[in-house]
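Survey of secondary and tertiary structure
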Amino acid sequence: MKEERVIAVNGLTKRYKKQFAVKEAGFAIKRGSICGLIGPNGAGKTTIMKMLGGLVLPTAGNISLYGGRSERELAKARERMSFMIEIPYAKLDLTAWQNLEKQRIQKGIPDKERPKKVMELVGLSDVGSKKLKEYSLGMKQRFGIANALLSKPEVMILDEPINGLDPGGIVEIREMLMKLNREEGITILISSHILSELALMCSEYLFIVRGEIIRHLTSEALKKECRSYLHVDTDNNNLAAAILREKLGIADMEAQKDGSLRLYEYLDNLAAVSRTLYENGVLPLGLSAGGDTLEQYYIAMTGGDTHVEHH
């Protein structure tokens, strides 16, 4: 039977002198998931990824990849994985294809069409003879993902892969990663500052603050915690609250600072709420569905220690 957990870490710690970059992190990532690693700048996201990739040695704790823990087993497991951590090493005076072809030969990948295929996958097939040094940051990010895909990995670890991309590029990369996950079964661990994008693709989330993993939850659990509600604003909100309690039996509601109401019941029956208010002499001015976004949840989790982009 295949190991269900492709990555498991326990007590993982990295200390530089007296400063902890990562402190006793523990989590497991299941095969086939897309896991978002979320935290402010300097929280330890990149350090965790570097330790998983063998680029940085842990001070304490252990890493298990595909169930293996010894140095030999970890090295073997990493051959089935790819890592895009910071801008990948490449020769800037060569084209993307030349760089990828060089990598293909070094890695002993027999498929001569592979560089061309991965360039098509990431939308770099029309760059022609442009050298890497002439690439924009967004194009370099695409090249980084192409490079990570070259060896047909089972697991991809991507640090800020959509950084520097325009909105159209972000959508393309997101759709590509979701397709790779769905069709090739690639497990993905991804960090990003653009939380609205992670919310669209991740099946689970790891929240990290000051080197410590403070929450690990599935997208279903997150949805429950980011409660959905109906936002109700009328010409008489006090009366509206009394009517909704009496006529529809709604008990779970909250008045907001601006006087508007949040209903946590009747979420799928907006029409009944509107009709009941109108029939009882209250004019609805605004009725809409709402709920905490991943950004709002993140801000609450990290106590406002943010540095994230709100798109």
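As a reminder, the structure under discussion sits directly above these lines.
Scope of this entry: the structure provided in the associated data block.

The rules behind the values
Residues numbered from 1 in each chain as written. Predicted model: local features only at pLDDT ≥ 70, side-chain atom pairs only at ≥ 80, totals over all residues. Heavy atoms only, no water. Helix = DSSP H or I, 4+ residues; strand = E, 2+ residues; numbered from the N terminus. Buried < 20%, exposed > 50% of the residue type's maximum accessible area, 1.4 Å probe, protein only. Contact = heavy atoms within 4.5 Å. Areas by Shrake-Rupley, 256 points an atom, 1.4 Å probe, with all protein chains shown as cover. Lys, Arg positive; Asp, Glu negative; His and termini not counted. Charge placed at Lys NZ, Arg CZ, Asp CG, Glu CD. Phe/Tyr/Trp six-rings, centres within 6.5 Å; stacked < 30°, edge-to-face > 60°. Lys NZ or Arg CZ within 6 Å of the ring centre and 35° of its normal. Pairing = 2+ DSSP bridges. Axes fitted to C-alpha atoms, helices over the stretch in contact; angles between N-to-C directions. Patch = residues over 30% accessible without salt bridge, like charges linked within 9 Å, V, L, I, M, F, W, Y side chains within 5 Å. Salt bridge = Lys/Arg side-chain N within 4 Å of Asp/Glu carboxyl O. Parallel < 35°, antiparallel > 145°, perpendicular 65-115°, else oblique. Left-handed = near helix turned anticlockwise from the far one by under 90°. Nonpolar A, V, L, I, M, F, W, Y, C, P; charged D, E, K, R; others polar.

Let's talk about the overall build of the protein
Check the secondary structure of the protein and you find eleven helices and 13 strands. The principal-axis extents of the C-alpha atoms in the protein amount to approximately 75 × 45 × 40 Å. The 311 residues of the protein split such that 46% are buried. The contacts of the protein with a sequence gap of at least 6 include a subset with a gap of at least 24, amounting to 67%. With an accessible surface of roughly 16000 Å², the protein has 48% of that area assigned to carbon and sulfur atoms. One way to put it: in the protein the 43 positive side-chain charges average out to a point 9 Å from where the 40 negative ones average out.

Re the packing of aromatic side chains
For the coordinates displayed, the defined rule picks out three aromatic pairs. Their ring planes at 75° and their centres at 6.2 Å tell us that Tyr229 and Tyr264 sit as a pair that is edge-to-face. Of the two residues, Tyr229 sits in strand 10 (residues 228–234) while Tyr264 sits in the loop between strand 12 (261–263) and helix 10 (270–279), which places them 35 residues apart along the sequence. Counting every residue linked through ring pairs, the aromatic cluster contains Tyr205, Phe207 and Tyr297. Taking the ring centre of Phe20 as reference, the NZ or CZ of Lys23 above it sits at 5.1 Å. Just above the ring of Tyr66 sits the side chain of Arg80; from NZ or CZ to the centre is 3.6 Å.

A few points about helix 1 (residues 45–52)
For helix 1, the buried fraction is high: six of the eight residues fall into the buried class. Among the residues making up helix 1, those that are buried are Lys45, Thr47, Ile48, Met49, Met51 and Leu52. Gly54 sits one or two residues past helix 1 and shows a positive phi near 80°.

With respect to the sheet that holds strand 2 (residues 19–30)
An order of 2-1-4 is seen for the three strands of this open sheet, with the pairing classed as antiparallel. Strands with a single pairing partner mark the edges of an open sheet, and in this sheet they are strand 2 and strand 4 (60–65). Direction aside, neighbouring strands of the sheet carry axes that sit 15° apart on average. Bridge count for strand 1 (residues 5–16) against strand 2 is eight bridges, and the pairing is antiparallel.

Some points on unusual backbone geometry
In this structure, Glu160 is a non-glycine residue whose phi angle is positive, near 50°. Looking at where Glu160 falls in the secondary structure, it is placed in the loop between strand 6 (155–159) and helix 6 (167–184). Residue Arg210 is not a glycine yet carries a positive backbone phi of 45°.

Comments concerning a nonpolar patch on the surface
A grouping of Tyr278, Leu283 and Leu285 is seen on the molecular surface, where their side chains present a nonpolar patch of about 350 Å² in accessible area. Mapping Leu285 onto the fold places it in strand 13 (residues 284–291). With relative accessibility at 57%, the residue Leu285 sits in the exposed group.

Description of the packing of helix 3 (residues 96–107) against helix 5 (residues 137–149)
At their nearest, the axes of helix 3 and helix 5 sit 10 Å apart, and the two run at 20° to each other. As summarised for this structure, helix 3 and helix 5 are arranged roughly parallel, according to the angle between their axes. With respect to the hand of their crossing, helix 3 and helix 5 are arranged in right-handed fashion. Here helix 3 contributes Ala96, Asn99, Leu100, Gln103 and Lys107 to the contact with helix 5, which in turn contributes Phe143, Ala146 and Asn147. A per-class count over the contact of helix 3 with helix 5 returns four nonpolar, three polar and one charged.

As for the sheet that holds strand 12
Read from one edge of the open sheet, four strands run 11-12-10-13, paired in antiparallel fashion. Of all the strands in the sheet, the pair left with one neighbour each is strand 11 (253–255) and strand 13. When strand polarity is set aside, the average angle formed by the axes of neighbouring strands in this sheet is 20°. Pairing of strand 10 with strand 12, which is carried by three bridges, proceeds in the antiparallel orientation. Note on strand 12: the bridge partner recorded for His231 is Arg262.

Remarks on the environment of Cys202
Here Cys202 shows up in the loop between helix 7 (195–201) and strand 8 (204–209). Separated by 147 residues in the primary sequence, Cys202 and Leu55 place their C-alpha atoms 25 Å from one another.

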